[in-house]
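Chains, contacts and geometry: an overview
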Amino acid sequence: MKLENADLSSLFSNTVLPDIFFSEYLSEANGDYIKVYLYIVFLSKYDKDIKINDLSKKLVLPVKTIQDAMKYWEDHEVLTKKSTGYIVNNLQEIELHKLYKPKTALSAEQLQKSAENQKRAKAIDFINNKYFSGLMPTTWYSEIELWFKKYNFDEEVMIALFGYCFDKSALHKNYVQTVAEAWNKNNIKNFNDLDIYYEKQEKLNVIAKTISKKLGLARPLTQYEYAYIEKWNIDYGYGLDIIEIALKKTTSKANPNFDYLDKLLTDWNSRGFKTVDAIKNFLSEIKQKNKNIKQMAKETGYDKYEQRAYENFDNLYANFKK
């Protein structure tokens, strides 16, 4: 039997958390995971021994959630697993290690680039004052330095990156990293590259809205549907004028979808059609051939037999591939 002391002094004790928890971990962690962590910190003061099932009952959370939370904090090195349980690590030591470790890896050549470093320092200072009210967590500094090196962004692009994420109310490292990766894949290095990228995105958004309206979609486009539009506009070079022609072909379809549109537009691109006139001439030619086949069937008496539905665009294409 385990006896507990009924000392009321525990009612007036405090559980202290360093500010680094609020600046570095709070915004990115799941709410249930935070709940688990806070209670573990509280228990660790008293060297309590508690089972996962008991923790589940105490916090009114499923056992699976408790296990996922422990794994999450372990992956982030906040907890260290031992054979007998867990160690609650010192968050301040963790962040100091992250802060100084990248700096020791800088080469002598990098340190000599004083002019570049000063320019970047001004950009980082602007980010700190503009988007963090002068209270940017220390670990962001080393992250920004590494992003400069990894993506080769100039200072204006780095500032724009933080501005974009700030406007999205998503100023946390994972999201900033994701956007940076996307910009890097689109070969954005300077502000001129970024300006061209924004123009492309604006065009894509206009096309996406038009397609959604024409197809009667009352939902946002999926990631895969948007990828189709990027292919048609960026890879094929097709604007709304050509995409509109494909959209009109969906009127005969019971359930028009992006796969059908992609089939048409990809076929036109493979045939080398780049203008509205070229596509319209091709469709007129197909229509005339279809008409000639029907007329020939009628003259030879074959129209008495069941004919293929040449009006169906897919079947039509199957018979007239060049």
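Before any of the text, the structure's been laid out above.
What comes next concerns the included structure. In this convention, every chain numbers its residues from 1, walking through the sequence in written order. Residue-level local features of this predicted model are given only where pLDDT is at least 70; pairs of side-chain atoms are given and counted only at 80 or more, and the full residue set underlies all totals for whole chains, interfaces and linings. Each side-chain value is derived from all of the structure's non-hydrogen atoms; neither hydrogens nor water enter the calculation.

Each pair of aromatic rings is reported with the distance of its centres and the angle of its planes. Think of it this way: a Phe, Tyr or Trp ring, Trp meaning its six-membered ring, pairs with another when their centres are within 6.5 Å, and the plane angle makes it stacked under 30 degrees, edge-to-face over 60, tilted otherwise. Inspection of the entire model under this criterion finds 19 aromatic pairs. Note on Trp-140 and Trp-147: the rings are 6.2 Å apart at their centroids and 75° apart in plane angle, and the pair reads as edge-to-face. Residue burial is assigned from relative accessible area. The probe radius is 1.4 Å, only protein chains are included, and a residue is buried under 20% of its type maximum, exposed over 50%, and partly exposed in between. Overall, the relative accessible area of 3% leaves Trp-147 in the buried class. Aromatic pair Tyr-151 and Phe-153: ring centres 5.3 Å apart, planes at 25°, arrangement stacked. Residues Tyr-151 and Phe-153 agree in their burial class; the two are buried. The rule for a charge over a ring is simple: NZ of Lys or CZ of Arg within 6 Å of the ring centre, and within 35 degrees of the ring normal. The ring of Trp-140 has Lys-173 lying over it, and the distance from NZ or CZ to the ring centre is 5.7 Å.

Okay, helix α12 (residues 223-235) next. Strands are runs of DSSP state E lasting at least 2 residues, helices are runs of H or I lasting at least 4, and numbering of each runs from the N terminus. Expected span of a helix, by definition, is 1.5 Å for each gap between consecutive residues, and there is one gap fewer than residues. Under the 1.5 Å per step criterion, the end-to-end length of α12 is 17 Å for 13 residues, consistent within 8% with the ideal 18 Å. Residues of α12 that are buried include every one of Glu-225, Tyr-226, Ile-229, Trp-232 and Asn-233, and no others. Here the buried residues of α12 occupy an arc of 120° about the axis, which is enough to place them on one side. Every exposed residue of α12 that faces more than 90 degrees away from the buried side is listed here: Gln-223, Tyr-224 and Asp-235. Contacts are assigned to residue pairs with any non-hydrogen atoms lying within 4.5 Å of each other. Residues of α12 that are buried in the fold lie against α11 (191-214), α13 (240-248) and α14 (258-270). Where α12 terminates, the next one or two residues include Gly-237, which has phi positive at roughly 75°. The directions from the helix axis to the C-beta atoms are what the arc is built from.

Next up on the list: helix α9 (residues 155-167). An ideal rise of 1.5 Å per residue puts 18 Å on 13 residues; α9 measures up with 19 Å between its terminal C-alpha atoms. When α9 is considered as a whole, its buried residues turn out to be Glu-155, Val-157, Met-158, Ala-160, Leu-161, Phe-162, Gly-163 and Cys-165. N or O atoms closer than or at 3.5 Å make up a polar contact, with two conditions inside protein: a donor-capable atom paired with an acceptor-capable one, and, for residues adjacent in sequence, both atoms drawn from side chains. Capping of α9 at its N-terminal end is provided by Asp-154; its side-chain oxygen lies 3.2 Å from the backbone amide nitrogen of Glu-156. Positive backbone phi, approximately 55°, marks Ser-169, located one or two places after α9.

What follows deals with the nonpolar core. Residues Ile-211, Ile-229, Trp-232, Tyr-238, Ile-243, Leu-265 and Trp-268 are the most contacted members of the largest nonpolar core, which totals 26 residues. Looking at this core, the elements that each hand over two or more residues are α11, α12, α13, α14 and α15 (276-300). By residue number, the principal contributor to this core is α14, which donates six residues. The residues touching Ile-229, leaving out its near neighbours within four places in the chain, are Leu-204, Ile-207, Ala-208, Ile-211, Leu-221 and Phe-258. What is meant by a nonpolar core is a set of buried Ala, Val, Leu, Ile, Met, Phe, Trp, Tyr and Cys residues, joined one to another through side-chain atoms within 4.5 Å.

What follows is about unusual backbone geometry. Positive phi outside glycine occurs at Asn-152, with the angle close to 60°. Positive phi is not limited to glycine here, since Asn-187 has a value of about 60°. You can see Asn-187 is positioned in the loop between α10 (173-185) and α11.

This part covers the pattern of salt bridges. A pair is scored as a salt bridge if a Lys or Arg side-chain nitrogen falls within 4 Å of a carboxyl oxygen belonging to Asp or Glu. Within this structure, the stated rule accounts for ten salt bridges. The partner of Asp-68 in a salt bridge is Lys-64, and the shortest N-O contact between them spans 2.9 Å. Highlighted residues: Asp-68 and Lys-64, both in helix α4 (residues 63-75), separated by four residues, approximately one helical turn. The salt bridge partner of Glu-244 is Lys-214, with a shortest N-O separation of 3.8 Å. Note that Glu-244 is positioned in helix α13 and Lys-214 in helix α11, a separation of 30 residues in sequence. The class for Glu-244 is partly exposed, based on a relative accessible area of 23%. By sharing partners, the salt bridges in this structure join Lys-119, Arg-120 and Glu-155 into a single network.

On to the environment of Asp-19, then. For Asp-19, the position within the fold is in helix α1 (residues 19-24). Each C-alpha atom, one on Asp-19 and one on Leu-91, is 9.3 Å from the other, the two residues being 72 residues apart in sequence.

Remark: helix α8 (residues 138-151) packs on α9, axes separated minimally by 11 Å, with the N-to-C direction vectors making an angle of 130°. Taken together, α8 and α9 sit at an angle that is classed as oblique. In terms of crossing hand, the pair formed by α8 and α9 is right-handed. Where α8 approaches α9, its residues Trp-140, Ile-144, Trp-147 and Phe-148 are matched on the opposing element by Glu-155, Met-158 and Phe-162. In this analysis an axis means a line fitted to C-alpha atoms, helices contributing only their contacting stretch, and an angle means the value between N-to-C directions, from 0 to 180 degrees. Each angle receives one of four descriptions, namely roughly parallel if under 35 degrees, roughly antiparallel if over 145, roughly perpendicular if within 65 to 115, and oblique otherwise. Should the near helix be turned anticlockwise from the far one by less than a right angle, the crossing is termed left-handed; should it be turned clockwise, right-handed.

In this section: the side chain of Ser-212. Topologically, Ser-212 is positioned in helix α11. When sequence neighbours within four positions are dropped, the list of residues in contact with Ser-212 reads Leu-217 and Leu-221.

Such coordinate-based values are descriptive only and should not be taken to indicate function.
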